[in-house]
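# A closer look at the structure
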Amino acid sequence: EMIPIAQVFSRYGGIGLQTSMCPECDFIYKTRNLSSAWYDEHFRKNWLSGDHERESNVQLKSVPFVNLKKYIGSDKKVLDVGCGLGDRLLAFQAAGHAVFGCEPSLRRSNIASEKLRTKIENTTGEQFFRTLGGNEYFDVVTFFTVLAFVERPFSLLKQAVDHLNENGIIYIRDGNFLFHNIFQSTHLGVMRSFISKKSIFKFAEYNNLEVLKYVDSPCEFYLRKTE
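Read on for a plain summary of the structure. Per chain, residues are indexed from 1 in the order of the written sequence. Predicted model: local features are reported for residues with pLDDT of at least 70 only, side-chain atom pairs are reported and counted for 80 or more only, and whole-chain, interface and lining totals are derived from all residues. Heavy atoms throughout the structure, all of them, feed into the side-chain values; hydrogens and water do not.

### Brief notes about the overall build of the chain
Assigned secondary structure in the chain consists of nine helices and ten strands. Within these notes, the globule rule equals 2.2 Å times the number of residues to the 0.38 power, and the radius of gyration is based on C-alpha atoms. Relative to its length of 227 residues, the chain is compact, with a C-alpha radius of gyration of 18 Å against a globular reference of 17 Å. Counting only C-alpha atoms and orienting by the principal axes, one finds that the chain spans roughly 60 × 40 × 35 Å. Buried residues are those whose accessible area, probed at 1.4 Å on protein chains only, stays under 20% of the maximum for their type, while exposed residues exceed 50% and partly exposed ones sit between those limits. Relative to its 227 residues, the chain shows a buried fraction of 44%. Residue contacts are defined here by distance: any two heavy atoms, one from each residue, within 4.5 Å place the two residues in contact. A separation threshold of at least 6 residues defines the contact pool for the chain, and within that pool the share at least 24 residues apart is 60%. Residue exposure ignores everything except the shown protein chains as possible cover, and the areas themselves are Shrake-Rupley values with a 1.4 Å probe. Carbon and sulfur atoms make up 50% of the accessible area of the chain, which amounts to about 11700 Å² in all. Only four residue types enter the tally: Lys and Arg on the positive side, Asp and Glu on the negative side, with His and both chain ends excluded. Each charge is placed at NZ for Lys, CZ for Arg, CG for Asp and CD for Glu. Between the averaged position of the 28 positive side-chain charges in the chain and that of its 26 negative side-chain charges there is a distance of 3 Å. By definition, any uninterrupted DSSP run of H or I lasting at least four residues is a helix, any uninterrupted run of E lasting at least two residues is a strand, and each is numbered from the N terminus.

### Comments concerning helix H4 (residues 87-94)
Buried residues of H4: Asp87, Arg88, Leu89 and Phe92, and no others. Just past H4, the residue Gly96 takes up positive phi, approximately 95 degrees.

### Digging into the environment of Phe194
Here Phe194 lies in strand E8 (residues 193-194). In this structure, the C-alpha to C-alpha distance between Phe194 and Cys219, residues 25 residues apart in sequence, is 11 Å. Residue contacts for Phe194: discarding those within four places in its chain leaves Phe27, Ile28, Gly175, Asn176, Phe177 and Ser185.

### Points about the packing of helix H3 (residues 63-72) against H4
Fitting a line to C-alpha atoms yields each axis, with helices limited to the stretch in contact; the angle taken between N-to-C directions then spans 0 to 180 degrees. Their axes nearest at 9 Å, the elements H3 and H4 cross at an angle of 40 degrees. Relative to H4, H3 is oriented so that their crossing is right-handed. Of H4, the residues touching H3 (which contributes Pro64, Phe65, Leu68 and Ile72) are Arg88, Ala91 and Phe92. Crossing handedness: left-handed means the near helix sits turned counterclockwise from the far one by under a right angle, and right-handed means the same turn made clockwise.

See the structure below:
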């Protein structure tokens, strides 16, 4: 029951992009958008393809480890979905954790594999989970500014829950929808959706996840899988 909140029309009067909100949980999604084929091609070949993008990534590389270390103990299996250049996994690896990652950009997955000296899968998060064996589980799964760009974010989160050990942690960091910036949010960029506090709390309730912590800005969720 998504309610349209913004529409972009062509010069001929047809609807191009449409952004809608769920009245039950405030989740915002582009209900009319570019095709999935366009997104797949863009993220594989063009996404953050320049070297100048490295520095902004490096500045945030230690954030997930610093924020999570008090929750996770030692010798864990850590998966970063959409791991980019692999920078965010370095601190986990240095602390003795086994690190895994997937990244749809061919260039960035190759750089991450070289940097981490382990195979980073060149694939989307959805495809990565679909190809896992039934007994493959992780202790930590991180989504660092990833969910806004995937077609079905809650489906992807459910796949992560299904491959999470008991007491495992899901860490989400993503953007909030800003109504004062509605033009940019609905007209520009490649973001498909914006999660909300209410939508994640509902997801946690439905999937036996304990909300350990929520931070409003930057928007972060710490979820633990319970029995």
